[in-house]
Amino acid sequence: MKIAIVDYGMGNIRSIVSTLKYIGVEDVVLSSDFDTLNCADKIILPGVGSFGKAITQIREKNIDKYLNEIVVDNKKPLLGICLGMQLLGMSSTEDGNNDGLGYVDGRVEKFDNSLVKVPHVGFNQVKINNSLKMFEGFTEEPADFYFTHSYRMTSNADINQCYCNYQDDFVASFEFGNIAGAQFHPELSQTNGLRLLKNFIDKF
Ligand SMILES: NC(=O)CC[C@H](N)C(=O)O
C-alpha cells in the first residue's frame, strides 16, 4: 500500500507520516508531482495554515490540475484533512474570497467570535454516520475527535456528511464517492483517529 501525501508546503506532514507508520503503512511519500501522486494507491491532502495561501500554492504547482485527473477523473481515493478538507469545497472567505478545488458543494466561513470562542480547539463530538466507510466499526456514538480551526464548512447539499456542533452544526467529515474529508485531525485524535485512518487505508 503506497500513500502519497500532497506536498504544497503547508501541512502537518510529520504527525501524519508517523501515525500512518504506527498503523502499519510503511510506504508513504510526500510529493507534488503528477507521476508520484498517480502511482500511489491513495492520496492525503493535509493542511495547516490559511486557505488563500494554500490554494495559491496548489495552483502555482499545478496540483489542482493533477488532482482533477487523478482523483476526479480516475477516482483515486483522497482524504483531505483540516485545511485539506476545506480546500475540497467550493470556496472559503479566509484571506478574502477564494475558490476551492470544487469537488464538493460546501462553503467555508469563519466562526462568529461574538457567539463562540475562536479558534475551535480541542476534542469535540462528531455525530457519526455508520454508512460512511470511514466510520465502520465505530460503536460509540458520538465519537470524539481533535479540532483546531477558525473556519468551518457548511453545505446545503447531501455530501454524505457528519456534523459537529459548535456555534451550529458544521461539516465535521464527509464521504463523496472516492473523496473524503475530515475537519478534525485524525492523526491527533487518539484511538478514534487511528481507527478512521485505518478505515481509509483498508476500505477505500
Ligand atoms: N489548523 C488549520 O490550519 C486551520 C485551517 C483554517 N486556517 C481554519 O482556521 O479553519
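Residues numbered from 1 in each chain as written. Predicted model: local features only at pLDDT ≥ 70, side-chain atom pairs only at ≥ 80, totals over all residues. Heavy atoms only, no water.

As annotated in an unreviewed UniProt entry, the protein chain is Imidazole glycerol phosphate synthase subunit HisH from Flavobacterium suzhouense. Comment text from UniProt for the protein chain, heading Function (unreviewed entry), reads "IGPS catalyzes the conversion of PRFAR and glutamine to IGP, AICAR and glutamate. The HisH subunit catalyzes the hydrolysis of glutamine to glutamate and ammonia as part of the synthesis of IGP and AICAR. The resulting ammonia molecule is channeled to the active site of HisF." (UniProt positions renumbered as here; feature names shortened; annotations may be inferred.)

**Focus: the UniProt feature "domain: Glutamine amidotransferase" (unreviewed entry) in the protein chain**
Those residues carrying the UniProt feature "domain: Glutamine amidotransferase" (unreviewed entry) are residues 5–202 in this numbering. Measuring from the first to the last C-alpha atom of residues 5–202 gives 17 Å, for a span that is 28% helix and 31% strand. (Helix = DSSP H or I, 4+ residues; strand = E, 2+ residues; numbered from the N terminus.)

**Some remarks on the UniProt feature "active site" (unreviewed entry) in the protein chain**
Residues annotated by UniProt as "active site" (unreviewed entry) correspond here to C82, H185 and E187. These annotated residues cover 106 residues of sequence, but their C-alpha atoms sit close together, with the largest distance between any two at 10.8 Å. Structurally, H185 can be placed in the loop between β13 (179–182) and α6 (190–203). Each residue touching H185, except ones within four places of it in the same chain, is listed here: N12, G47, V48, I81, C82, Y146 and T148. Tracing the backbone shows E187 in the loop between β13 and α6. The buried category is assigned to E187, whose relative accessible area is 10%. Sequence-distant contacts of E187, defined by excluding residues within four places in its chain, comprise N12, S15, I16, T19, I81 and L197. Looking at E187, its side chain comes within polar contact range of the side chain of N12, at 2.3 Å. (Contact = heavy atoms within 4.5 Å. Buried < 20%, exposed > 50% of the residue type's maximum accessible area, 1.4 Å probe, protein only. Polar contact = N/O pair within 3.5 Å; in protein donor to acceptor, adjacent residues only side chain to side chain.)

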